[in-house]
Amino acid sequence: MHLSEIPRIKHADSDNFFLLAGPCAIEGEDMALKIAEKVLSITDALKIPYIFKGSFKKANRSRIDSFTGIGDEKALKILRKVSETFDVPTVTDIHEVSDAAMAAEYVDVLQIPAFLVRQTDLVVAAAETGKVVNLKKGQFMSPEAMQHAVQKVKDSGSDKAWITDRGTMFGYQDMIVDFRGIPTMKQYAPVILDVTHSLQQPNQSAGVTGGRPEMISTIARAGIATGADGLFIETHFDPTNAKSDGANMLDLSRLEKLLTDLTAIRRVVRSL
């Protein structure tokens, strides 16, 4: 499928990478609108096709007392308001089969979390909504194994699948990106690099995932250089106080410089 098939998408023919960006979780209406407005102003200037990202629910938390959301319908309505206010498409992740049809009423792209990408019923339910299905590569899976996840979408009657690499487990408490996987997975579907989750440091004894946000630029630049079609970046105006994944999010104030640099790298790569 072509990007132009996604409702409200802008700059689909700019030959730039596309971007999925926003907070890890929807914490409230004001924060979502504030982040979306800032990212949209940057991506419009750079002609980057942009999809606002926000999780309406976080089901895969390390501890039972971790933040999981503000309420499913409330968060989904905020995602819809972002879309209508700024005329941008939106993406959220789903965790259960019943989430697929519900979320599809509010967003344009359904994301399958990495831990759940082998769950056939979930992938099929997402595909059957007719929405784009963003399949996050499991931290435990090879790039080659993702062809089977894509095939599940196709066998469900849809050609709207993306693959997102979010790193591979490296020992117990670190992630690593194997950039060989990007050209490999591009044989199956458009490939997105999840820059911020690739820099997580999971399995911390405190039960809260750590991260290395100082490496965001390095990983993002390498992703563009190796041919990623899109980037996924979680960003927040106050990562330290974000309710989810603050340890590896990009401070919103640094996004413009990063995307400007990446756009320049993309032009060079495409000219070779």
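Structure: above.
Residues numbered from 1 in each chain as written. Predicted model: local features only at pLDDT ≥ 70, side-chain atom pairs only at ≥ 80, totals over all residues. Heavy atoms only, no water.

*Asks:* With reference to specific residues and values, describe the pairing of strand 6 (residues 161–165).
*Replies:* Most of strand 6 sits inside the fold, with five of its five residues counted as buried. Side chains Ala 161, Ile 163 and Asp 165 project from strand 6 onto one buried face, and the interleaved Trp 162 and Thr 164 project onto a second face that is buried too. Bridge analysis of strand 5 (residues 132–136) against strand 6 gives four bridges, and the strand direction is parallel. The partner of Leu 135 across the bridge, within strand 6, is Ile 163. Note that the unit made of strand 5, helix 5 (residues 146–155) and strand 6 has a crossover that is right-handed. The pairing of strand 6 with strand 9 (residues 191–194) spans three bridges and is parallel. Bridged to Ile 163 within strand 9 is Val 191. (Buried < 20%, exposed > 50% of the residue type's maximum accessible area, 1.4 Å probe, protein only. Helix = DSSP H or I, 4+ residues; strand = E, 2+ residues; numbered from the N terminus. Pairing = 2+ DSSP bridges. Right-handed = clockwise from strand over helix to strand, strands pointing away.)

*Asks:* Residue-level account of the pattern of salt bridges, with values.
*Replies:* Here the structure, examined in full by the defined rule, presents 13 salt bridges. Between Lys 53 and Glu 234 there is a salt bridge, and its shortest N-O distance comes to 2.7 Å. Of this pair, Lys 53 sits in strand 2 (residues 50–53) while Glu 234 sits in strand 12 (residues 230–236); the two residues are 181 residues apart in sequence, bridging distant segments of the chain. Just as Lys 53 is buried, Glu 234 falls in that class too. Asp 229 is paired through a salt bridge with Lys 186; the nearest N and O atoms lie 3.7 Å apart. With Asp 229 in the loop between helix 7 (216–225) and strand 12 and Lys 186 in the loop between helix 6 (181–185) and strand 9, this residue pair connects regions lying 43 residues apart in the sequence. The network of salt bridges with shared partners includes Arg 8, Lys 10 and Asp 87. (Salt bridge = Lys/Arg side-chain N within 4 Å of Asp/Glu carboxyl O.)

*Asks:* Could you give me a rundown of the packing of helix 4 (residues 120–128) against helix 5, with the residues and numbers involved?
*Replies:* Running from N to C, helix 4 and helix 5 point in directions that differ by 45°, and their axes come no closer than 8 Å. The angle between helix 4 and helix 5 falls in the class oblique. Considering how the two elements wind past one another, helix 4 and helix 5 form a crossing that is right-handed. Only Ala 149, Lys 152 and Val 153 of helix 5 make contact with helix 4, whose side of the interface consists of Thr 120, Val 123 and Ala 127. Taken together, the residues of the contact of helix 4 with helix 5 break down into four nonpolar, one polar and one charged. (Axes fitted to C-alpha atoms, helices over the stretch in contact; angles between N-to-C directions. Parallel < 35°, antiparallel > 145°, perpendicular 65-115°, else oblique. Left-handed = near helix turned anticlockwise from the far one by under 90°. Contact = heavy atoms within 4.5 Å. Nonpolar A, V, L, I, M, F, W, Y, C, P; charged D, E, K, R; others polar.)

*Asks:* Account for the nonpolar core, naming residues and giving values.
*Replies:* Leu 19, Phe 52, Ile 94, Ile 112, Leu 135 and Leu 231 are the most contacted members of the largest nonpolar core, which totals 68 residues. With eight residues, the top contributor of residues to this core is helix 1 (residues 29–46). Counting 13 residues, the second largest nonpolar core, distinct from the first, contains Leu 3, Ile 6, Ile 51 and Ile 192. (Core = buried A, V, L, I, M, F, W, Y, C linked by side-chain atoms within 4.5 Å.)

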